[in-house]
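# Descriptive analysis of the structure
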Amino acid sequence: MLVTRIALPRRTFLRGMSAAVALPLLDAMVPALSAMAQTAARPVRRLGYVYIPMGMNPAPWTPADEGRIAELSPSLASLSPFLNHLSVVTNLEVRNSAVAGGNHATAGSAFLSCARAKRTEGSDYELGVTVDQVAARQIGGGTPIPSLEIGTDLIAQVGNCDNGFACVYQNNLSWASATSPLPNEADPRMLFERLFGDGGTPAARRAALHRRASLLDVFVDDLARLKQRVGTPDRVRLDQYLDSARAIEREIERAEQAVADNATPDLDRPVGVPAVFADHAKLMFDLQILAFQADITRVVTFQLTREQSNRTYPEIGVSDPHHPTSHHGNNPEKLATIAKINTFHVSLFSDFLQRMKDTPDGDSSLLDHSLYLYGSGMGNPSLHDHEDLPIVVAGGAATGLKGGRHIRAEKGTPLANLHVTMLDRVGVHLDSFKDSTGRVEDLFESVL
């Protein structure tokens, strides 16, 4: 028998001067005559976390029904097209946040660590390894970037940020160890170059970029040769992937040009990002999709905005800063504004899920092979409590997520229970994590 089909390694890159492009999953990456060759290339599982600050307005957030539900709440309504891809979990809490003092710093720091932050205003801070890093050590070791930590805010604060706690606690969601926070990258250009750059200093990569129209231009010839070696479905996947990358690069360039034309840039955001928050968030979400497609990483944390953020949202008619508004004191107008911000943030996540669903991955989509936790480490922001947290778990059939449910856990159930449950579904098995007492029941199928 004559076998003419090529077999590309999964770690295939197109390389050029100061740049490299990892490829999306292609059928040509499955060896000919293997059992897998009879089907589309097998994808991997991915894990993501999206953090929203300062809790929520619970009335419009919490679904009216429990168990299997047919309708989401007003704040979550934009997620309705993905009802069968998600479940809402209520009554979870982070005990160590409350014990540590109950504030913004402990809300953000404990969301993924479930650990008690050491109260200090100095550099002797101490927390704990976060759950994303537990996952990255087991499922991210074979990828170029074991985990991505991204955000949207310029992190310039140091010293005491909240009630005697150092700013590092609310600046960083992800911690590699008790004393090693992992900073967020909020600049889409720097993130783009981290994904597609290949060696050299950032200054050298930028200089190379200015010498050509696009970071991707250096791969035109190599890409043409590769497309001659693969089948039609793979050619389509390659075109779609690189078209998406070019579109993101153009958006970044437009944002940079707008900043260059503006003599007074917004000091609350990194230089070179879009002026409109939704556009910035979309870029950061889209870069996650590119990283997942090419298996550059399998673990992502995204701080949509940070605790104590004073961001306003003129695009939805919110001119009052978020943080002061969150101290609502049951004022109806402030509660309505918080609900409006909650609804807006959720809509950005919904748009991201749609793009994940539309992105092919093996025999289905990225969404089918991914698992995301969206939520906050604070419940009622006016009380600064850490109970009944706003939590949504989204993912596809390949993860075993049942979907279409409102799971009202027993009051006081540790958030760590959910972390352990989600780790199970990406192949990371722990007996316990921090203060966990078990698993979250009825969230996943018992057998995949």
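Residues numbered from 1 in each chain as written. Predicted model: local features only at pLDDT ≥ 70, side-chain atom pairs only at ≥ 80, totals over all residues. Heavy atoms only, no water.

## Quick notes on the overall build of the chain
Put simply, the test is: Comment: elements are numbered from the N terminus, with helices defined as DSSP H or I runs of at least four residues and strands as E runs of at least two. Burial status follows relative accessibility: with a 1.4 Å probe on protein chains alone, a residue under 20% of its type maximum counts as buried, one over 50% as exposed, and anything between as partly exposed. Contact criterion: two residues are considered in contact whenever any of their non-hydrogen atoms come within 4.5 Å of each other. Exposure was quantified through the Shrake-Rupley algorithm and a 1.4 Å probe, taking into account, for residues, occlusion by the shown protein chains and nothing else.
Of the regular secondary structure elements, the chain holds 13 helices and 16 strands. Within the chain, the fraction of its 448 residues that count as buried is 57%. Partitioning the intrachain contacts of the chain with sequence separation of at least 6 by distance along the chain shows that 71% fall at a separation of at least 24. A total of about 17800 Å² of accessible surface is found on the chain, and carbon and sulfur atoms cover 51% of it.

## Structural notes on the nonpolar core
For the record, the criterion: Joining through side-chain atoms within 4.5 Å is the link that ties buried Ala, Val, Leu, Ile, Met, Phe, Trp, Tyr and Cys residues into a set, and such a set is a nonpolar core.
Counting 66 residues, the largest nonpolar core has Trp61, Leu79 and Phe349 as its most contacted members. A per-element tally of this core places helix H10 (residues 277-293) first, with 11 residues. In this view, Phe349 contacts Val50, Leu79, Phe285, Tyr372, Tyr374 and Ala394; residues no more than four positions away in its chain are not counted. The next biggest cluster of nonpolar side chains, apart from the first, holds 39 residues, and it includes Leu47, Leu371, Ala409 and Leu423.

## Quick word on the sheet that holds strand E16 (residues 405-414)
For clarity, the cut-off: Between any two strands, at least two bridges found by DSSP are needed for them to pair. Where helices are involved, their axes are fitted lines through C-alpha atoms of the stretch in contact, as for all axes, and angles between N-to-C directions lie from 0 to 180°.
A sheet is described by the order of its strands in space; here eight strands give the open sequence E4-E16-E5-E15-E14-E3-E11-E6, paired in mixed fashion. At either margin of the open sheet sits one strand with a lone partner, and together these are strand E4 (67-68) and strand E6 (148-151). Inspection of the sheet shows E6 paired to strand E11 (residues 299-303) by four bridges, in the parallel sense. Among the inter-strand pairings, Leu148 is bridged to a residue of E11, identified as Val300. Against the sheet, helix H4 (residues 131-139) engages strand E3 (46-51), E6 and E11, with an angle of about 155° to E11.

## Comments concerning the confidence of the model for the chain
Under the convention used in this document: Residue-level confidence of the predictor is what pLDDT reports, using numbers from 0 through 100.
Mean pLDDT for the chain: 84, with 79% of residues reaching 70 or above. Predicted confidence is poor over residues 1-5, with pLDDT under 50, and the contacts of this stretch with residues over four places away or in other chains come to eight contacts. A low-confidence stretch, residues 263-269 (pLDDT under 50), is modelled with eight contacts involving residues beyond four sequence positions or located in other chains.

## What about the pattern of salt bridges?
What counts, and what does not: For this analysis, a salt bridge means a side-chain nitrogen from Lys or Arg found within 4 Å of a carboxyl oxygen belonging to Asp or Glu.
Applying the stated criterion to the full structure yields 11 salt bridges. Across the salt bridge formed by Arg46 and Asp361, the nearest N and O atoms sit 2.9 Å from each other. On the criterion of sequence distance, the pair formed by Arg46 in strand E3 and Asp361 in strand E12 (residues 360-361) is long-range, its members being 315 residues apart. With respect to class, Arg46 is no different from Asp361; both count as buried. Across the pair Asp442 and Lys402 runs a salt bridge whose closest N-O atoms are separated by 2.6 Å. One end of the pair, Asp442, is in the segment after helix H13 (415-425); the other, Lys402, is in the loop between strand E15 (391-395) and E16, and 40 residues separate them in sequence.

## Some details on the packing of aromatic side chains
Note the threshold: Aromatic rings from Phe, Tyr and Trp, taking only the six-membered ring of Trp, are treated as a pair when their centres fall within 6.5 Å; an angle between ring planes under 30 degrees marks them as stacked, one over 60 as edge-to-face, and anything in between as tilted.
Applying the stated criterion across every chain yields a total of 14 aromatic pairs. Where Tyr313 meets Phe344, the ring centres are 5.6 Å apart and the plane angle is 70°; that geometry is what we call edge-to-face. Placement of Tyr313 in the loop between E11 and helix H11 (322-326) and of Phe344 in helix H12 (residues 332-358) is noted, with a sequence separation of 31 residues between them. Pair check on accessibility: Tyr313 and Phe344 agree, each one buried.

## Some remarks on the side chain of Asn91
Inspection of the secondary structure assignment puts Asn91 in strand E5 (residues 86-93). By relative accessible area, which is 14% here, Asn91 ends up buried. Ignoring any residue separated from it by four or fewer positions in sequence, one finds Asn91 in contact with Asp388, Arg408, Ala409, Glu410, Lys411, Gly412 and Thr413.

## A look at helix H6 (residues 188-196)
Short version of the rule: Pairs of N or O atoms within 3.5 Å make up the polar contacts considered here, provided that, within protein, one atom can donate a hydrogen while the other can accept it, and that residues adjacent in sequence are counted only when both atoms are side-chain atoms.
Most of H6 is tucked away: seven of the nine residues are buried. By the burial criterion, the buried members of H6 are Pro188, Arg189, Leu191, Phe192, Glu193, Leu195 and Phe196. Sitting at the amino-terminal end of H6 is Asp187, which places a side-chain oxygen 2.9 Å from the backbone nitrogen of Arg189.

## Notes on the pairing of E16
Burial within E16 is extensive, with seven of its 10 residues counted as buried. Where E4 meets E16, two bridges bridge the pair, whose relative direction is antiparallel. Counterpart to Arg68 in the pairing with E16 is Arg405.

## Examining the environment of Ser123
Along the polypeptide, Ser123 turns up in the loop between helix H3 (104-113) and H4. According to the relative accessible area criterion, Ser123 is exposed, its value standing at 66%.

## A look at the environment of Cys114
Within the secondary structure, Cys114 sits in the loop between H3 and H4. In the structure, Cys114 is positioned 302 residues away from Ala416 in sequence and 6.3 Å away in space, judged by C-alpha atoms. Residues contacting Cys114, with those up to four places away along its chain left out, are Val94, Asn96, Leu415, Ala416, His419, Phe433, Lys434 and Asp435.

## Concerning unusual backbone geometry
One non-glycine residue with positive phi stands out, namely Asn91, at about 75°. Within the chain, His384 stands out as a residue other than glycine whose phi angle is a positive 55°. Here His384 lies in the loop between strand E14 (370-375) and E15.

## Some details on the packing of H10 against H12
In helix packing, the relevant descriptors are the interaxial angle and the interaxial distance, both defined with respect to the helix axes. Just so we agree on the cut-off: When describing relative orientation, an angle under 35 degrees is termed roughly parallel and one over 145 degrees roughly antiparallel, while 65 to 115 degrees is termed roughly perpendicular and anything else oblique. Crossing chirality is assigned from the near helix's rotation relative to the far helix, an anticlockwise turn below a right angle marking it left-handed and a clockwise turn marking it right-handed.
Closest axis-to-axis distance for the H10/H12 pair is 10 Å, and the angle between their directions is 30°. Our classification of the angle between H10 and H12 gives roughly parallel. Helix-helix and strand crossings are classified by hand; for H10 and H12 the assignment is right-handed. Within the contact between the two elements, H10 uses Phe277, Ala278, Ala281, Lys282, Phe285, Asp286, Gln288, Ile289 and Phe292 and H12 uses Phe344, His345, Leu348, Phe349, Phe352, Arg355 and Met356.

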